[in-house]
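Given next are the chains, with one letter for each unit.
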Amino acid sequence: MVISLILFLSGCTLPENGNQDFFPLITVDSEEWAAYEGKWLTQDGVIRFELFLKAGAAGVDSYYELHELFERSDSTQSWGTTSHGLYSTYRGLPHKVLGIRLHELSMYDKSVYLRYNVSQSLGMHDEMFFVTRGQDELLPCDDSFKPITEDWHYTLHKRSKLFTVEGYLTIERDSIDFYERNVFEHWSLAELGEFNEVKEMHSKLAKEKYEGIYLKALAYSVLDTSATKGERSLAVKRILSFNQDPD
């Protein structure tokens, strides 16, 4: 399984004398990049992560881009940072997982979370560490590649490209069904992204049991590893319109 992930990240090699200060002018929407989404709770809010890994041969450094957005729990303030540079991969870890190490992160006020200050030849730099779980999930780790959490809600999930959805949400017990009215498809809603916000807004607006509430959102699909069948589910990245059906 790890071997297949390495092959997925294969296809791009760097010059042997590659400089970590150089970053290619390449859009991360390219097929060469794998995208991951996740979040981490703090005492006063949440940090949302968007990580892009550029394909690279096994054992050879390649490029990453990381977006970190901190949102206060009272919704009064948000700020973030973007890092880009090289990442390294490591084999030979327990359970045949692949280790991923992001080098030289940008400085950030919230660096205490999931970041580790590492001494290098040019000084101290923040780094971030992950291990794979299957082919579609990254577990946040300490600097010894020991997972900090295995909770599906707070790991990073490989996602599809972003797309816009428009349809109706229905809550039945603990599950949320989304009917996309343009392509006539039913999706289960993963407990990722804006899941809690969507569920809360639905509960406030629904006036009867199983009522469908209109939602337009920027979304992506993920392999729902929390589900028994491992099917793909929909995750809401940003709510565009709620309960304002144009029809």
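Every chain is numbered on its own, with residues counted from 1 as its sequence reads. Side-chain atom pairs in this predicted model are given and counted only at pLDDT of 80 or more, local residue features only at pLDDT of at least 70, and totals for whole chains, interfaces and linings cover all residues. Calculation of side-chain values draws on the structure's entire complement of heavy atoms; hydrogens and water are dropped beforehand.

(A) A look at the layout of surface pockets. A 1.4 Å probe that fits but cannot get out identifies a cavity on a 1 Å grid over protein atoms alone, an open set with protein on both sides within 12 Å along at least five of seven lines counts as a pocket, and a residue lines either if it has an atom within 4 Å of a point. Grid points are joined across faces, edges and corners, and a volume is the space filled by probe spheres set on the points. Approximately 400 Å³ is the volume found for the largest pocket. Contributing elements (two or more residues each) for the lining of the largest pocket: β1 (33–42), β2 (45–54), β3 (62–72) and β14 (232–242). Under the scheme used here, helices are H or I runs from DSSP no shorter than 4 residues and strands are E runs no shorter than 2 residues, and both carry numbers assigned from the N terminus. In terms of residue count, β14 provides more of the lining of the largest pocket than any other element does, four residues in total. When residues are grouped by polarity, Ala, Val, Leu, Ile, Met, Phe, Trp, Tyr, Cys and Pro land in nonpolar, Asp, Glu, Lys and Arg in charged, and all others, Gly among them, in polar. Residues belonging to the lining of the largest pocket are distributed by class as follows: six nonpolar, six polar and eight charged.

(B) View of the pattern of salt bridges. A pairing counts as a salt bridge when a side-chain nitrogen of Lys or Arg comes within 4 Å of a carboxyl oxygen of Asp or Glu. For the structure shown, the criterion picks out 14 salt bridges. Of the charged contacts, one joins E71 and R48 as a salt bridge, the two residues approaching to 3.1 Å between their closest N and O atoms. Separated by 23 residues along the polypeptide, E71 in strand β3 and R48 in strand β2 bring together distant segments of the chain. Salt-bridge contacts for R133 lead to E137; the nearest nitrogen and oxygen are separated by 2.7 Å. Salt bridges sharing common partners tie together E37, E50, R159 and K237.

(C) Layout of the confidence of the model for the chain. In this model, the chain carries an average pLDDT of 82, and 81% of its residues clear a pLDDT of 70 or more. Segment residues 10–26: pLDDT under 50, and 30 contacts once partners within four positions in sequence are set aside and those in other chains are kept. Confidence scores here are pLDDT values: one per residue, from the predictor, ranging 0 to 100. We call two residues in contact when some of their heavy atoms are within 4.5 Å.

(D) Summary view of the packing of aromatic side chains. A pair of Phe, Tyr and Trp rings is counted when the ring centres sit within 6.5 Å of each other, with Trp represented by its six-membered ring. The angle between the planes then sorts it: under 30 degrees is stacked, over 60 is edge-to-face, the rest tilted. In this structure the tally under the stated criterion is six aromatic pairs. Taking 4.8 Å as the distance between ring centres and 55° as the angle between the ring planes, the aromatic pair formed by F70 and W79 counts as tilted. Residue burial is assigned from relative accessible area. The probe radius is 1.4 Å, only protein chains are included, and a residue is buried under 20% of its type maximum, exposed over 50%, and partly exposed in between. Take W79: its relative accessible area is 25%, and that puts it in the partly exposed class. Judged by centre distance (5.5 Å) and plane angle (80°), the rings of F129 and F145 are edge-to-face. Placement of F129 in strand β7 (residues 123–132) and of F145 in the loop between β8 (137–141) and β9 (156–159) is noted, with a sequence separation of 16 residues between them. With respect to class, F129 is no different from F145; both count as buried. By the ring-pair criterion, three or more aromatic residues cluster together here, those being Y90, Y116, F129 and F145. The aromatic ring of Y220 is capped on one face by R159, whose charged end is 5.8 Å from the ring centroid. Counting as a charge over the ring demands two things of the Lys NZ or Arg CZ atom: a distance within 6 Å of the ring centre and an angle within 35 degrees of the ring normal.

(E) Layout of unusual backbone geometry. With a phi angle near 60°, K96 is a residue other than glycine that sits in the positive phi range. Residue class for K96 comes out exposed when judged on its relative accessible area of 71%. Residues other than glycine seldom take positive phi values, yet E104 does so here, at roughly 50°. Relative to the assigned elements, E104 resides in strand β5 (residues 99–105). For E104, a relative accessible area of 22% gives the class partly exposed.

(F) Up close: the pairing of strand β10 (residues 163–172). A pair of strands is treated as paired once DSSP finds two or more bridges between them. Relative to strand β13 (residues 213–223), β10 runs antiparallel, the two being bridged by seven bridges. Counterpart to F163 in the pairing with β13 is A219. Relative to strand β11 (residues 175–180), β10 runs antiparallel, the two being bridged by six bridges. The residue of β11 that forms the bridge with I171 is I176.

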